[in-house]
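Fold and geometry: a report
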Amino acid sequence: MERTAGVSGVGAADRALTRPARRGWAALAAVLFLVAVGVLAVQSVRPPAARSADAPAAEFSAGRAFTHVQTIAAGPHVAGSVANDAVREHLLTTLRGLGLAPEVQDTVTTQGARLSASDGGVGMARVRNVIATLPGTASTGRVFLVAHYDSAQTGPGANDDAAGVAAILETARVLTAGPRLRNDVVFVLTDAEEACLCGAQAFVEQHPLAMDGGVVLNLEARGSSGPAIMFETSTANAALVGAFADVPEPVGTSFAVEVYRLLPNNTDFTAFRERGFTGLNTAYIDGAAVYHTPVDTPESMNRDTLQQHGVNLLALAQDLGGRDLPALRSAGDATYFPVPGALVHYSSSWIWPLAGAALVAVLGCAWLARRRGLLSVPRLLGAFGLTLIPVLTVPALSQLLWITLKFIRPGYAELPIDPYRPWWYRLAIVALTAAVVCAWYALLRRRLGPAALAVAGLAWLAVLGLVLAALAPGGSYLGAVPALTGGVAGIAAVLLRGRGLLSAAAVTLGAAGGVVILLPTMVMFFPAMGMNLAAAGAFFAVLLALTLLPVIDLLHPEAGGQRGLTALSARRRGLLPTLAATVAMVVFAAVGLAVDRFDADHPVPTHLMYALDADTQQARWLSESRTPSEWTGDYVGTEHTTVTDTLPAFGAEGLLSGPAEPAALPAPELTKTADSSAGDRRTVTLKLTPKRPVRLVTLHVGAAAEVSAATVGGRPLADGRTGGGTWGFGFVFHAPPADGLEVTLTVPVGAPLKLRAMDASDGLAALPGFRPRPADVGVVGSHSSEMLAVAKTYTF
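Parameters and conventions
- Residues numbered from 1 in each chain as written.
- Predicted model: local features only at pLDDT ≥ 70, side-chain atom pairs only at ≥ 80, totals over all residues.
- Heavy atoms only, no water.
- Helix = DSSP H or I, 4+ residues; strand = E, 2+ residues; numbered from the N terminus.
- Rg over C-alpha atoms; globule rule 2.2 N^0.38 Å.
- Buried < 20%, exposed > 50% of the residue type's maximum accessible area, 1.4 Å probe, protein only.
- Contact = heavy atoms within 4.5 Å.
- Lys, Arg positive; Asp, Glu negative; His and termini not counted.
- Charge placed at Lys NZ, Arg CZ, Asp CG, Glu CD.
- Pairing = 2+ DSSP bridges.
- Axes fitted to C-alpha atoms, helices over the stretch in contact; angles between N-to-C directions.
- Polar contact = N/O pair within 3.5 Å; in protein donor to acceptor, adjacent residues only side chain to side chain.
- Disulfide = S-S within 2.5 Å.
- 1 Å grid on protein atoms, 1.4 Å probe; cavity = no way out; pocket = protein on both sides within 12 Å on 5 of 7 lines; lining within 4 Å.
- Points joined across faces, edges and corners; volume = space filled by probe spheres on them.
- Right-handed = clockwise from strand over helix to strand, strands pointing away.
- Phe/Tyr/Trp six-rings, centres within 6.5 Å; stacked < 30°, edge-to-face > 60°.
- Lys NZ or Arg CZ within 6 Å of the ring centre and 35° of its normal.
- Core = buried A, V, L, I, M, F, W, Y, C linked by side-chain atoms within 4.5 Å.

Once that is clear, we can look at the overall build of the chain. Counting its secondary structure elements, the chain contains 21 helices and 24 strands. Relative to the compact-globule value of 28 Å for 796 residues, the chain shows a C-alpha radius of gyration of 30 Å, a close match. Projected onto its principal axes, the C-alpha coordinates of the chain cover approximately 100 × 65 × 55 Å. Considering the chain as a whole, with its 796 residues, one finds that 59% of them fall into the buried category. Within the chain, contacts between residues at least 6 apart in sequence are counted, and of these 81% link residues at least 24 apart. A gap of 14 Å separates the mean positions of the 58 positive and 60 negative side-chain charges of the chain.

The strand order across the open sheet built from 5 strands is β15-β16-β21-β18-β19, with neighbouring strands paired in antiparallel fashion. Since the sheet does not close on itself, it has two edges, and those belong to β15 (669-678) and β19 (715-717), each with one partner. Pairwise comparison of adjacent strand axes, ignoring direction, gives a mean angle of 20° for this sheet. One ladder, built from 3 bridges, connects strand β18 (residues 709-712) with β19; its direction is antiparallel. Looking at the pairing, A710 lines up with L717 of β19.

So, about the pairing of strand β22 (residues 754-762). Burial runs high along β22: 7 of the 9 residues are buried. One ladder, built from 6 bridges, connects strand β17 (residues 696-702) with β22; its direction is antiparallel. Each bridged residue has a counterpart across the sheet, and for T698 the counterpart in β22 is M758. One ladder, built from 9 bridges, connects β22 with strand β24 (residues 787-795); its direction is antiparallel. Counted as the bridge partner of S761 is L788 from β24.

Moving on, we get to the side chain of N532. In this structure, N532 sits in the loop between α17 (501-529) and α18 (534-547). Engagement of the side chain of N532 in a polar contact is seen with the backbone oxygen of P416, the distance being 3.1 Å. Setting aside residues no more than four positions away along its own chain, N532 makes contact with Q399, W402, K406, L415, P416 and I417.

With that settled, consider the state of the cysteines. A full pass over the atoms with the stated rule returns 1 disulfide. The side chain of C196 participates in a disulfide bridge whose partner is C198; the two sulfur atoms lie 2.0 Å from each other. Between C196 and C198 the disulfide shows an S-S torsion of about -130°. By sign, it is left-handed. Judged by relative accessible area, C196 falls into the buried class, the value being 3%.

What follows is about the environment of F384. With respect to the element layout, F384 can be found in helix α12 (residues 377-386). Judged by its relative accessible area of 27%, F384 is partly exposed. As a C-alpha pair, F384 and L453 span 69 residues in sequence and 7.4 Å in three-dimensional space. If we ignore the near neighbours within four places in the chain, the residues touching F384 are A456, A459, W460 and V463.

Here the amide bond leading from D160 into D161 is cis, since omega sits at 10°, within 30 degrees of zero. When you line up the elements, D161 lands in helix α4 (residues 158-177). Of note in this structure, Q617 is not a glycine but carries a positive phi near 60°. Along the chain, Q617 turns up in the loop between β11 (609-613) and β12 (618-623). For E786, which is not glycine, the phi torsion reads 65° and is therefore positive.

Before going further, it helps to examine the layout of surface pockets. Space inside the second largest pocket adds up to approximately 910 Å³. As for the second largest pocket, its lining consists of 29 residues, of which V430, A434, L519, L544 and L548 are closest to the centre. For the lining of the second largest pocket, the secondary structure elements donating two or more residues are α1 (23-43), α14 (423-448), α17, α18 and α19 (549-555). In terms of residues, the lining of the second largest pocket owes the most to one element, α14, which gives 8 residues.

The subject of this paragraph is the pairing of strand β4 (residues 184-190). Among the 7 residues in β4, 7 count as buried, and that is most of the element. On β4, burial covers both faces: D184, V186, V188 and T190 on one face and V185, F187 and L189 on the other are all buried. Here 5 bridges tie strand β2 (residues 122-134) to β4, and the two strands are oriented antiparallel to one another. Across the sheet, residue T133 finds its bridge partner in β4, namely V186. With 7 bridges joining them, strand β3 (residues 142-148) and β4 adopt parallel strand pairing. Its bridge partner being in β4, V143 is matched across the sheet by V185. On the question of chirality, the crossover connecting β3 to the parallel β4 by way of α4 is right-handed.

Below, the discussion takes up the packing of aromatic side chains. This structure, assessed with the given rule, holds 28 aromatic pairs. Taking 4.3 Å as the distance between ring centres and 15° as the angle between the ring planes, the aromatic pair formed by F337 and Y477 counts as stacked. In this pair, F337 is assigned in strand β8 (residues 334-339) and Y477 in helix α16 (residues 477-495), connecting sequence segments 140 residues apart. Like Y477, F337 is buried. Relative to F540, the ring of F539 has its centre 5.8 Å away and its plane inclined at 70°; by these criteria the two rings are edge-to-face. Given the relative accessible area of 5%, F540 is considered buried. Ring pairs connect the aromatic residues W402, Y412, Y420, Y425 and F598, which therefore count as one cluster. Cation over ring: R303 sits above F66, and NZ or CZ is 3.7 Å from the ring centre. Over the aromatic face of W423 sits the side chain of R426, whose NZ or CZ is 4.7 Å from the ring centroid.

What follows concerns the environment of D191. Residue position: D191 is located in the loop between β4 and α5 (193-196). Given the relative accessible area of 0%, D191 is considered buried. Spatially, the C-alpha atom of D191 lies 5.8 Å from that of H148, the residues being 43 residues apart in sequence. If near-sequence neighbours (up to four positions away) are discounted, D191 is found in contact with A79, N84, R126, V127, R128, N129, Y149, D150, C198 and G199.

A few words now on the environment of A511. With respect to the element layout, A511 can be found in helix α17. Taking the relative accessible area as the measure of exposure, A511 reaches 1% and is therefore buried. When the C-alpha atoms of A511 and R409 are compared, they prove to be 38 Å apart, with 102 residues separating the residues in sequence. For A511, the contacting residues outside a window of four places in its chain are L34, T547, L548 and V551.

This next bit is on the nonpolar core. Counting residues in hydrophobic clusters, the biggest one holds 128 residues, and the most contacted among them are Y610 and W621. The element best represented in this core is α17, accounting for 17 residues. Judged by nonpolar contacts, the second largest core, of 60 residues, contains L95, L169, L219 and L313.

As structure tokens, then:
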């Protein structure tokens, strides 16, 4: 007969949710089943195999798309460069060859309002977007397929974003060769995304095709491999998410939408979303060490990822091309996440009911377990409080592990997201999680009981579901669904406790719910946050471990209840899994250090710039590095200083600095072409002309002359205020015309008009005193890497 009152006299094994007679067989079956479920869960977020270039013409082929990648990413092609002109010509030729009539939108624009308040001033650019329309038979609106064709100045941009452009070109080939769609499909290949997102901004603000809105599908990349994740949507996305769920290889999570809203990141999708377009934003993010670097080459690309990028785009374009587009704006958002073979999605109206049901299920499990004598209220409350130990400790120790690895290998400090081969380090964090959870479980199992610890773990998941329902609704499922499946399984296990393997099967099925939900999330969030935020992936690892506690108890060396064991020897046996996991963690970290060495194909990143003050003919080397590497240390010191007084475009960030030999470089020329006054306002027209090939020009006005109106390149600027200090108004203009840029400023009459002009090109190799990098030393993927700036002051 089951005990119904206190539990003080009951052994730990008698206080588990399940106690099968054949514990060994039950444990083996549970492990095999969960491993199979885990493999399927991970497979749900893996890209499909790439199709070769001889795939059927009606299908998307990564092999065919890759030929475009090779052409586009033959070298760096920053906006305004000759190389970018060649890429644009390839796009035009390809689209014309498909029977389309592409146009070039050649215009000047500014960044969107949310992006303009930088210390360096407002961003502007001359952009040349490539646009082509495939007319529909009876269009209800427009479907826009968007990617940017420019690259950062530091790399050829094979992944970011030649992959997206190539996927659109291959999709265009299939669509133009197939039956005509109902709706117009517009191919928008934007310029100057890397500079200031200005191409997309110019399209949505100025192009007639954008005036009526529509559905936008944007493709991006921040890595070289992994799944293509649909990570951002417009609001009221339920119908669009339903369409995405029907594509061949859907991967996405509504929690990513919630996280992305908190990050200071933007893509071309931002401009469309803020103008009221509906749409989806997709990117792949693993292999982020190549991001914006010289090794972002076609060879670095995982073609399976390219296949997923494109096959989903084609399916969406065909689906949306036949729909009534105005009906896609639904009443609410959807929660969505991957499971083996599908993308689950449901209305946001289910978020609170599911979170509430999860809490009820866990409380029901706790009540029933107490009735059956498996736990007491004090033990459950104690377990609930002490569960915070692994929840907080694992992320903290994971971050400490990465700090230690950076101490051992200092070059890691310059990697903004992840090392080149991060998988061994991710496995080390999983092993660290196992070590901490197993130690915590072994130390508390006898005192509090397995049932109390298992229910407490589920209770924290239920609480997480409720908290996220309030603060980040798209992520509530991460706690609610595992808590619900675990709570229901716990109830079944307690009711079936006298029936051996059936009870074990119940807790195993409950744990499988956690594996299906949390394992893919962990796999996606390790690369999303990177090792620099290792705590993020570790947090999901510890949540997964909490859902597995009933199964962990089946494997626990103490759980067999062998006679003759003292409490001390039992605890020692219970710590064996901790020892094994700790050894595994050390081994994985050591293998990672052995495998992920810097070499010519995986160089250590370094950052260096050169700035010449034409007023004084003094030059200096500058670096954004946190700590100088051995190579960078030959150029700069170890103290960070600000340079806003002489280089206001660089903002207030501290830079490492060192003396440099002045180079014979011409300064940008600033001439006055008109000057007039009306009342207390003075209007001055200037011509800013670079005297050498440059990527950008900047102009900043002394703070003593408050600029009340400004026009740059024919475009009015609503607000060009900078972060203060010596300089007030300012702008950064990318891809400036070689014959100069017209600037009109309105300032108070009598105010001294002091201006600081700067231009910047890329490449340091020809500078005096520069020594080529060794083969294993590379370039950081920063928009200021390898910049060569010349600045001069003018007064009018």
